[in-house]
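# An overview of the molecular structure
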Number of protein chains: 2
Amino acid sequence: MTTKAELTSQYILEIVAPIFNKNGYAATSLSDVTNATGLTKGAIYGNFKNKEDLAIAAFKFTVKNMMKRITDHLSNSNSPIEKLYLITDFYRNYYDYSKELGGCPILNIGVDANNQNTLLLQKVKEVIERIQDQVATLIEDGIEAGEISSEINALYFAKRLDTMIQGAIFMTYTMEDDFYIQDTMDLIDNMIKKELKI
Amino acid sequence: MTTKAELTSQYILEIVAPIFNKNGYAATSLSDVTNATGLTKGAIYGNFKNKEDLAIAAFKFTVKNMMKRITDHLSNSNSPIEKLYLITDFYRNYYDYSKELGGCPILNIGVDANNQNTLLLQKVKEVIERIQDQVATLIEDGIEAGEISSEINALYFAKRLDTMIQGAIFMTYTMEDDFYIQDTMDLIDNMIKKELKI
DNA sequence: CTAAAAATATACCAATTGGTATATTTTTAG
DNA sequence: CTAAAAATATACCAATTGGTATATTTTTAG
């Protein structure tokens, strides 16, 4: 059964995750947390060990939300190569969607945690690796299905894709201009068409 | 002439710029500043209006350093297209070099200032625009010199280049793996070769 | 409905935050 | 060498920081 505390924990994360994502670890204070949730420190510290523990849970919460959204979107096709196109299609709406999350958690927390918070940075690394592995697997599935040329290195391609996407997200947010994401997705679509085709 | 205060200001910036760059605005405290410099608050506040003013000066200091380094490197050739290759060549050593600066100032402060510090974010935007304009001008020079195809849109290409580079820097720092920068520079070199050629 | 357990609120803590007014020291121009 | 000006150090400020011990309230199982 769902205890009261579990509900509260979920509620806290819902409210607090975008705040940590937007502001970063150091710039989010516990009074930000109590003000936003309407709860007291007693409730917060009853559910989370400390600020770092809360920040990590918040990051995981946001990533889970995001991953579910991608996975749902990719379920629109069974073809590996079509799924690749669905990835770029997903990111074409990412600026709007990620604003709800308080920005891209990987970019924000990746940069924020660097030199600041080892545990948090470790979590970001793990998420990036997981994403790259999933994309690489998708490409390998495509090779196996005869949709994608067996010439290409799946993991390398996945890393390139990821790198370009993160660059586009950074530029779009910093310049407040969706051009960067749209243009990068065009570029990636072209790469898929030209480099992956059988 | 150089007054005492000007020397002190420069000294403070030299010491403090990498700290702000590494930690970000909120996570850098004035005691970090006084401890690192060995000066007191009196000296700091005598030379800078407040913490924000210092952070902006620190960002400009780091960018100036970086820009000089790039400009120096590009002076190794007079050919516009060769200069483009010198840009990727510069970034191949960027992981090592930028560590001295406390990381890439554009990436770090761009992400850090977002949702946090309007003035600082504005400075980042200006620097990005300046860089893109310079690269675009370089490409236009190449077109005029008959080295580069007149088909391509100089500013679009400059933006793509910048976006890919920033993505590579983010990934290399977050994953602590220079692969991303090297691979992206290979990719860009290829783009220059294939897309820009006459 | 009740007693125990769980969850939350309250009241406190020392340390630190950015910043300022003023005293002291150092530099500068003559 | 000296007086004025500039630069820096000192001593202070209220507000906030993350965190804890304990009191109170709410939930839960029987």
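Everything numeric here is computed off the predicted structure, so don't read it as measured data.

## Topic: the pattern of salt bridges
All names here are of chain A.
- As enumerated under the stated definition, the model contains twelve salt bridges over all chains in all.
- Where Asp 186 meets Arg 92, a salt bridge forms, and the shortest distance between an N and an O atom there is 2.8 Å. With Asp 186 in helix H10 (residues 179-196) and Arg 92 in helix H5 (residues 80-92), this pair connects stretches of sequence that are 94 residues apart.
- The exposure class of Arg 92 is partly exposed, given its relative accessible area of 23%.
- Within this structure, Arg 92, Asp 186 and Asp 189 form a network of salt bridges that share partners.

## Quick word on the relation of the copies chain B and chain A
- Superposition of chain B onto chain A requires a rotation of 180° combined with a translation of 0.0 Å along the rotation axis, giving an RMSD of 0.0 Å. Between the two chains, the operation in question is that of a two-fold axis. Residues of chain B ranked by C-alpha distance from the rotation axis are headed by Gly167(B), positioned 1.7 Å from it.
- Taken as a fraction of all interface residues of chain B, those also at the interface in chain A reach 100%, which identifies the copy contact as same-surface.

## Examining the environment of Leu107(B)
- Mapped onto the elements, Leu107(B) comes out in helix H7 (residues 105-113).
- Through-space distance from the C-alpha of Leu107(B) to that of Phe157(B) is 20 Å; in sequence the pair is 50 residues apart.
- With near-sequence residues (within four places) excluded, Leu107(B) lies in contact with Leu107(A), Val111(A), Phe170(A), Gln166(B), Ile169(B) and Phe170(B).

## Observations concerning the UniProt feature "DNA-binding region" (unreviewed entry) in chain A
- Within this numbering scheme, the UniProt entry marks residues 29-48 of chain A as carrying the feature "DNA-binding region" (unreviewed entry).
- Taken end to end, residues 29-48 of chain A is 75% helix and 0% strand, and its first and last C-alpha atoms sit 14 Å apart.

## Concerning the interface of chain B and chain A
- Contacts between chain B and chain A engage 38 residues on the former and 38 residues on the latter.
- In this assembly, chain B packs against chain A so that about 3500 Å² is buried in total across both faces, 65% of it on carbon and sulfur atoms.
- Considering only the surface of chain B that becomes buried against chain A, Arg160(B), Thr163(B) and Phe170(B) emerge as the three largest contributors, covering 16% of it.
- Along the contact surface separating chain B from chain A lie four salt bridges.
- Between Asp183(A) and Arg160(B) there is a salt bridge, and its shortest N-O distance comes to 2.9 Å.
- Seen at the junction of chain B and chain A, the total is eight residue pairs in polar contact (both at pLDDT 80 or more).
- Among the elements that line the side of chain B that touches chain A, the one with the most residues is helix H9 (residues 154-175) of chain B, at 14 residues.

## Digging into unusual backbone geometry
- Positive phi outside glycine occurs at Asn115(A), with the angle close to 70°.
- Despite not being glycine, Glu176(B) has its phi angle at roughly 50°, a positive value.

## Description of the packing of helix H8 (residues 118-144) of chain B against H9(B)
Residues and elements named next belong to chain B.
- In the contact formed by H8 and H9, the axes pass within 8 Å of each other and the chain directions differ by 125°. Judged by the angle between their axes, H8 and H9 are oblique. Once H8 is placed against H9, the crossing between them reads as right-handed. Counted together, Ile 128, Gln 132, Asp 133, Val 135, Ala 136, Ile 139 and Glu 140 of H8 and Ala 154, Leu 155, Phe 157, Ala 158, Lys 159 and Asp 162 of H9 form the full contact between these two elements.

What counts, and where the lines are drawn
Residues numbered from 1 in each chain as written. Chains lettered and ligands numbered in written order. Predicted model: local features only at pLDDT ≥ 70, side-chain atom pairs only at ≥ 80, totals over all residues. Heavy atoms only, no water. Salt bridge = Lys/Arg side-chain N within 4 Å of Asp/Glu carboxyl O. Helix = DSSP H or I, 4+ residues; strand = E, 2+ residues; numbered from the N terminus. Buried < 20%, exposed > 50% of the residue type's maximum accessible area, 1.4 Å probe, protein only. Least-squares fit on C-alpha atoms with pLDDT ≥ 70 in both. Contact = heavy atoms within 4.5 Å. UniProt positions renumbered as here; feature names shortened; annotations may be inferred. Buried area = accessible area lost by both parts, 1.4 Å probe. Polar contact = N/O pair within 3.5 Å; in protein donor to acceptor, adjacent residues only side chain to side chain. Axes fitted to C-alpha atoms, helices over the stretch in contact; angles between N-to-C directions. Parallel < 35°, antiparallel > 145°, perpendicular 65-115°, else oblique. Left-handed = near helix turned anticlockwise from the far one by under 90°.

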